[in-house]
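Listed here are the chains, written in short residue letters.
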Amino acid sequence: MLNNRQPILRRFWYPVMPVAMVDGGPKSFTLLGEKIVLWKDGKNRYVAMADRCPHRSAALSKGWIDGGAIVCPYHGWAYDHAGTCVRVPQRPESNGLKGQAVQSFACQVRYGHVWVALGEPLAPIPDWPEETDPGYRRIDQFYERWNCAGLRLMENSFDNAHVHFVHRNTFGDINNPDPPEPTIERLDYGFVARSDVPVYNTEEQKKNLGDDSAFTVRHITANWYLPFLRRLHIRYPSGLDHIIVTAATPTADGTSQIVQFCFRNDTEAKAPAADIVAFDRRVTAEDKEVLEGTDFDVPLDMHSGIERHMPSDQPGLLMRRMLLDLFAAHGETEQTRHRPHRIAAE
């Protein structure tokens, strides 16, 4: 699947940038191949619009904010939050141009990040109660570009079979390679998978979890939200909740901007945020090393013969089927560079 060639993917919300970065002035971003500019106007509204001045195509992200409007760095034309040109310095009597001059996009701030949808959203941004629950804290973990498809990362996140191999140096037990089978409940725009996964408890994790046991069990409730958003709720036997939210925001077909933060129901005194981030970063670095070596054009048809499958792949195969169903419901077919050589169903 080539993300940038599937128009329906434009109708989902994606976290594109931490709020603090946008607060520092206009910032550029490429979402599904669309160059956009993010900025904050005079009424503290966060704005997403095409990063192109209609006069001579200069990048608005290289401009500045003046009087609540974004100013083009080339000739000073200024635009409000709706994309209307409100000032042309060379024609002061005109008070700008009539009508929308720059395309604007749906934009919201949630969970410390600016979210953007390029088309009319099919579903809302998920509402996670931990954000406002005083018993939880949100820890921003990282924001970086990965050279892999968002779907690869999503499949990986629900793949219990990879844990004991990819993460053998952090929490996996390579001597226990047979993964537990999750129970999966399909939802309108995703699914929830539940499983109990025994893992090795490293010295580093013993401190983070407040648990001196050599092994522990992760009671997992994992939600996948179409197309590239995951919430992994890990509950440990002690009652500790470690809830990781990971988004693979699609930039180009072969790259994704990874946004990750977590919720915890403990305190800084018991488990410093820096230690929690350090361990989860080690884990994600292990994933990144493998995933950046995979083909970004993920074949959705499980019978195409391009990739083979095993029983523990069920969450990822459901993702592929749901994406195919989504495309069909909106008059699209999978766009791919692969030529399938079909095989019998396994």
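Summary of the structure given here. In this text the structure is predicted, and so the values were computed from the model without any measurement.

Here is what the cut-offs are and how they apply
Residues numbered from 1 in each chain as written. Predicted model: local features only at pLDDT ≥ 70, side-chain atom pairs only at ≥ 80, totals over all residues. Heavy atoms only, no water. Phe/Tyr/Trp six-rings, centres within 6.5 Å; stacked < 30°, edge-to-face > 60°. Helix = DSSP H or I, 4+ residues; strand = E, 2+ residues; numbered from the N terminus. Buried < 20%, exposed > 50% of the residue type's maximum accessible area, 1.4 Å probe, protein only. Lys NZ or Arg CZ within 6 Å of the ring centre and 35° of its normal. Pairing = 2+ DSSP bridges. 1 Å grid on protein atoms, 1.4 Å probe; cavity = no way out; pocket = protein on both sides within 12 Å on 5 of 7 lines; lining within 4 Å. Points joined across faces, edges and corners; volume = space filled by probe spheres on them. Nonpolar A, V, L, I, M, F, W, Y, C, P; charged D, E, K, R; others polar.

## Focus on the packing of aromatic side chains
Alright, step 1. Applying the stated rule across the entire model yields 11 aromatic pairs.
Alright, step 2. For the pair Tyr-111 and Phe-263, a centre-to-centre distance of 6.4 Å together with 75 degrees between the ring planes defines the contact as edge-to-face. Of this pair, Tyr-111 sits in the loop between β9 (104–110) and β10 (113–117) while Phe-263 sits in strand β17 (residues 256–264), and the two are 152 residues apart along the sequence. In this pair, the class of Tyr-111 matches that of Phe-263, namely buried.
Alright, step 3. With centroids separated by 6.3 Å and ring planes inclined at 15 degrees, the aromatic side chains of Phe-142 and Trp-146 adopt a geometry described as stacked. Comparing Phe-142 with Trp-146, the two get one shared label, buried.
Alright, step 4. Positioned above the aromatic ring of Phe-142, the side-chain terminus of Arg-281 is 3.8 Å from the ring centre.
Alright, step 5. Above the face of the Phe-296 ring, Arg-337 is positioned so that its terminal group lies 5.0 Å from the ring centre.

## Some points on the pairing of strand β3 (residues 34–40)
Consecutive side chains of a regular strand alternate in pointing toward one face of the sheet and then the other.
Alright, step 1. Where strand β2 (residues 27–31) meets β3, 5 bridges bridge the pair, whose relative direction is antiparallel. If you follow Thr-30 over to β3, its bridge partner there is Lys-35.
Alright, step 2. Hairpin connection of β2 to β3: 2 residues between the antiparallel strands, including Leu-32 at a positive phi of 50 degrees.
Alright, step 3. In the sheet, β3 pairs with strand β4 (residues 46–50) via 5 bridges, with the strands oriented antiparallel.

## Here's the deal with the pairing of strand β15 (residues 229–235)
Alright, step 1. When you tally the buried positions in β15, you get 6 out of 7 residues, the bulk of the element.
Alright, step 2. By the bridge criterion, 7 bridges tie β15 to strand β16 (residues 241–250) in an arrangement that is antiparallel. The residue bridging Arg-235 from the neighbouring strand is Asp-241, located in β16.

## Here we look at unusual backbone geometry
Alright, step 1. Residue Pro-227 is reached from Leu-226 by a cis peptide bond, and omega for that bond is -10 degrees.
Alright, step 2. Position of Pro-227 among the secondary structure elements: in the loop between β14 (215–225) and β15.
Alright, step 3. Residue Leu-32 is not a glycine yet carries a positive backbone phi of 50 degrees.
Alright, step 4. Relative to the assigned elements, Leu-32 resides in the loop between β2 and β3.
Alright, step 5. What makes Leu-32 buried here is its relative accessible area of 6%.

## Quick notes on the layout of surface pockets
Alright, step 1. Estimates place the volume of the largest pocket at around 380 Å³.
Alright, step 2. Every residue lining the largest pocket is counted, 21 residues in all, and those nearest its centre are Arg-152, Glu-155, Asn-156, Asp-159 and Asp-313.
Alright, step 3. Elements with a minimum of two residues in the lining of the largest pocket: α2 (150–157), α5 (273–291) and α6 (314–329).
Alright, step 4. Here the element with the most residues in the lining of the largest pocket is α6; it accounts for 4 residues.
Alright, step 5. Split by residue class, the lining of the largest pocket holds 7 nonpolar, 6 polar and 8 charged.
Alright, step 6. The volume enclosed by the second largest pocket comes to roughly 180 Å³.
Alright, step 7. Lining the second largest pocket are 16 residues, and of these Pro-124, Pro-126, Tyr-225, Leu-226 and Leu-229 lie nearest its centre.

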